[in-house]
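Secondary and tertiary structure notes
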Amino acid sequence: MAKKTTSVPSAQQATIAEIHDQKLRRGQGGELHQIAENDTPVLTTAQGGPVADDQNTLRVGARGPALIEDFHFREKIFHFDHERIPERVVHARGYGAHGFFETYESLAAYTRADLFQRPGEKTPAFVRFSTVAGNKGSADLARDVRGFAVKLYTQEGNWDLVGNNIPVFFIQDAIKFPDVIHAAKQEPDRAFPQAQTAHDNFWDFISLTPESMHMVMWVMSDRAIPRSFRFMEGFGVHTFRLINAKDESTFVKFHWKPKLGLQSVAWNEAVKINGADPDFHRRDLWQSIKSGNFPEWELSVQLFDQEFADRFDFDVLDPTKIIPEEILPVKAIGRLVLDRMPDNFFAETEQVAFMTQNVPPGIDFSNDPLLQGRNFSYLDTQLKRLGSTNFTHLPINAPKCPFAHFQQDGHMAMRNPVGRTNYQPNSHGEGPRESPLRGYRHFPAEEQGQKVRLRAESFADHYSQARQFYISQTPPEQRHIAMALTFELSKVETPVIRERMVAHLLNIDETLATTVAEKLGLQTMPKPADAAVPTRQDLPPSPALSIIERGPKRFEGRKLGILVSDGVNAKLLKELTGAIIEEKATVELIAPKVGGVTASDGTWVEAHHMIDGGPSVLFDAVALLTSEAAMDDLLREATVRDFVADAFQHCKFIGYDQSALPLLEKAGIAEAVDEGVIALPGDEGLPSFVSELGKLRVWGREPSIKLGKA
Ligand code: HDD
């Protein structure tokens, strides 16, 4: 039996009646605004029609079927159903920010690129950082390459320097790109693992691709688990050309150097950060920009001519090779500052379209076969992702300089040529014309040869620079490489792949190969892999390749987590916090309960995290400022123990006041206390703790704990 419905208006219907009563008002310019009584803007459809009820679909009677004529419902659901666009096939997870690039001095001698002509010239910029293999929703701390894509809106068109935080690549020829990416991403039958290279397919491809060995050393190093986008380098990877007004060419390699120095996390820490805060890198960038601590990088260049290229040990067109900075020093030519987050993630960070072929006059390509292939690929991908050839009409992709062309129509065309003439030449003298003087002139490089599918012999040495990278690392960094290789290969199910990898490692460094082989439990050592060119033993270490060698001297830009409890020494807390802020670093407090604690002087201290939400992996260093009265409760909290034990395990500096000693015992480290565990305030405790923090980690601790044993 149908239920009776009442004819008495419900509260909801009364509200609808009120909304129906809204008035049309005229704005100052005479335009009509539809405004509800209380000045709240009226909700409309995308067609601009005011909406009376956004809570209920149109239906026959209160309990009857929905009506197909409900255009508001139809439009709303239609739009929602189409909200997603295809995620990027690689670099799907990313985070972007706006800023500017400032030129230090004129580079007119080398390039006619407009942005490099005038000292102090500022060029608007948008940068998107990314991981490569994971899907859009994957966690930030995957072991992976980081994308470092920079769009510079120059006065002569957009320049996209689409780089990575690693200066070499897995492959030498773009035709192998789909293979390396297929192999790295989830396996196609099971659709896992997500955002991880620790699986058979990846290592199968890698172990069959010797040219990837140099990149493998970088990816297995701590470079692949950066502490923050703010603490990593960026590289243009390929050799490009700078072209001056006389059409003379200089080869160039681009480097972005972070002002705050380099820093990475430990692998065990990365794994835990992914659980505690999968948005760790996003949040870091958001918080630093929103708090006015604008991250900065210097753009540095390595400039060289054909003569240098001819005598260099390796082919400058080979994207699996670097030119060590000790051989060809970098020169800083400007700075990039990121000072504004996008207003809307989708509109800007998701829809931004980077393309290596976007170069302004004065910057040109080399014949690097990877770069040549990329120049072909990026345009295609933007059409697929953004759905229209008119993706340059989106504000984030549009040039910020004057532009004029006859391209027209297509999906979502927001700008079309005005007037009758949409071609040139024309008899009406209308519209833009090309300019041989101002326009882009390609460098007239002499080219000649047979049409062939061939890899240059000068690309054949796959191990020498891999070895050079490895021997340039400090002992802790070398240990991390061995541990990373062991971990990754331990997840490989096919024994022959593991053996093949060890065979490659033998061509890089025997100790490394032996350590990994032992950990993998290989019964017999394989023979070294066949090498087209034997590994050169004479390449000297390049200290510039080590993160630790290039580490910062200060704690600036980092974060100290202070575990506090009721009764915390108010004076000490204030002094420590003040000293950290003085260092231009951040302090966050972690308390046993949500809210905060009452300090020794009776004041209320607000905390940023409750202990379960603020594990020590979220901080660069920690301090334990507790009280005897609170100790019983703290000792019962397993997360408090983890907080201390993890900080120690991850080689962090730990400051503590005397009341916190039982926590060190509980974490099992009271006996292992070293120079990185510092009593506060102590005689010299506080100043020495703050200055020691500049070293970031106590790497000397590592061999004595499990983490250090490769
Ligand atoms: Fe790529 C995206 C960097 C080789 C094809 N690539 C993409 C992004 C970065 C790089 C940072 C993300 C841009 C963004 O944030 O939107 N890619 C590199 C570097 C490479 C490289 C440094 C080697 C030196 N890429 C490479 C090759 C090909 C591609 C060889 C194809 C032949 N890359 C693409 C792509 C992507 C892309 C499929 C996916 C999404 C996009 O372009 O916009 O076209």
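Residues numbered from 1 in each chain as written. Predicted model: local features only at pLDDT ≥ 70, side-chain atom pairs only at ≥ 80, totals over all residues.

1. Here's the deal with the packing of helix H13 (residues 495–506) against helix H14 (residues 510–520)
Our working definition: Each axis is a line fitted through C-alpha atoms, and for a helix only the stretch in contact is used; angles between axes span 0 to 180 degrees, taken between their N-to-C directions. Numbering goes from the N terminus for both helices and strands, where a helix is a DSSP run of H or I of at least four residues and a strand is a run of E of at least two. By the definition adopted for this analysis, an angle is roughly parallel if under 35 degrees, roughly antiparallel if over 145, roughly perpendicular if from 65 to 115, and oblique otherwise. Crossing handedness: left-handed means the near helix sits turned counterclockwise from the far one by under a right angle, and right-handed means the same turn made clockwise. Once C-beta atoms have been placed from the backbone, residue pairs whose C-beta atoms lie within 7 Å are recorded as contacts.
Between H13 and H14, the shortest axis-to-axis distance is 7 Å and the interhelical angle comes to 160 degrees. Classed by the angle they form, the pair H13 and H14 counts as roughly antiparallel. Seen from above, H13 lies across H14 with left-handed handedness. Together, Arg498, Val502, Leu505 and Leu506 of H13 and Glu510, Leu512, Ala513, Val516, Ala517 and Leu520 of H14 make up the contact between the two elements.

2. A few points about the UniProt feature "active site" (unreviewed entry) in the chain
The following threshold applies: UniProt positions are given in the numbering used here, feature names are shortened, and annotations may be inferred rather than shown by experiment.
UniProt's entry tags His91 and Asn164 with the feature "active site" (unreviewed entry), counted in the numbering of this structure. Sequence-wise these annotated residues cover 74 residues; spatially they are packed, their C-alpha atoms never more than 10.4 Å apart. Inspection of the secondary structure puts His91 in the loop between helix H2 (71–81) and strand S3 (94–103). Discounting chain neighbours no more than four positions away, the residues touching His91 are Ser130, Val132 and Gly147.

3. Points about the sheet that holds strand S18 (residues 621–625)
Here is the rule we go by: At least two bridges found by DSSP between two strands are what make those strands a pair.
Judged by pairing direction, the sheet is parallel, and its six strands sit side by side in the order S17-S14-S13-S18-S19-S20 without closing on themselves. Only two strands of the sheet have a single partner each, and these edge strands are strand S17 (609–610) and strand S20 (677–680). Pairing between strand S13 (residues 559–564) and S18: five bridges, direction parallel. Bridge pairing in S18 places Leu563 opposite Leu624. Contacting strand S19 (654–657) and S20, helix H19 (residues 685–692) crosses the sheet at an angle of about 145 degrees to S20.

4. Side note on the UniProt feature "binding site: heme" (unreviewed entry) in the chain
UniProt's entry tags Arg88, Arg128, Phe177, Arg374, Tyr378 and Arg385 with the feature "binding site: heme" (unreviewed entry), counted in the numbering of this structure. Position of Arg374 relative to the elements: it lies in helix H10 (residues 369–386). Sequence-distant contacts of Arg374, defined by excluding residues within four places in its chain, comprise Ala174 and Thr356. In this fold, Arg385 is placed in helix H10.

5. Some thoughts on the domain arrangement of the chain
The test is simple: As used throughout, domain bounds are those supplied by an automatic or database domain assignment.
Here the domain parsing of the chain yields domain 1 (94–393), domain 2 (463–545) and domain 3 (559–708). Measuring from the centre of the C-alpha atoms in domain 1 to the corresponding centre in domain 2 gives 26 Å. Opposite the 23 residues of domain 1 that make contact, domain 2 presents 27 residues. When residues of the side of domain 1 that touches domain 2 are traced back to their parent elements, those giving at least two are helix H4 (200–207) and helix H5 (213–219).

6. Comments concerning the confidence of the model for the chain
Worth spelling out the cut-off: A score from 0 to 100, pLDDT tells how confident the predictor is in each residue.
Overall, the prediction assigns the chain a mean pLDDT of 94, with 94% of residues at 70 or greater. When the criterion is pLDDT under 50, residues 1–33 qualifies, and its contacts beyond four places in sequence or with other chains add up to 21 contacts. Scored as a whole, the predicted complex attains pTM 0.94, and scored at its interfaces, ipTM 0.99.

7. Overview of the site of the ligand
The condition is simple: To decide whether a residue is near a molecule or strand, its C-beta atom is placed from the backbone and checked for lying within 6 Å of it. For this scheme, ten residues count as nonpolar: Ala, Val, Leu, Ile, Met, Phe, Trp, Tyr, Cys and Pro. Four count as charged, namely Asp, Glu, Lys and Arg, and the remainder, Gly too, count as polar.
Inspection of the region around the ligand gives 25 residues, with Arg88, His91, Arg128, Gly147 and Thr381 positioned closest. If you list the elements that add at least two residues to the shell around the ligand, you get strand S4 (122–131), strand S5 (146–154), strand S6 (157–164) and H10. The element contributing the most residues to the shell around the ligand is H10, with six residues. Here the shell around the ligand is composed, by residue class, of 13 nonpolar, nine polar and three charged.

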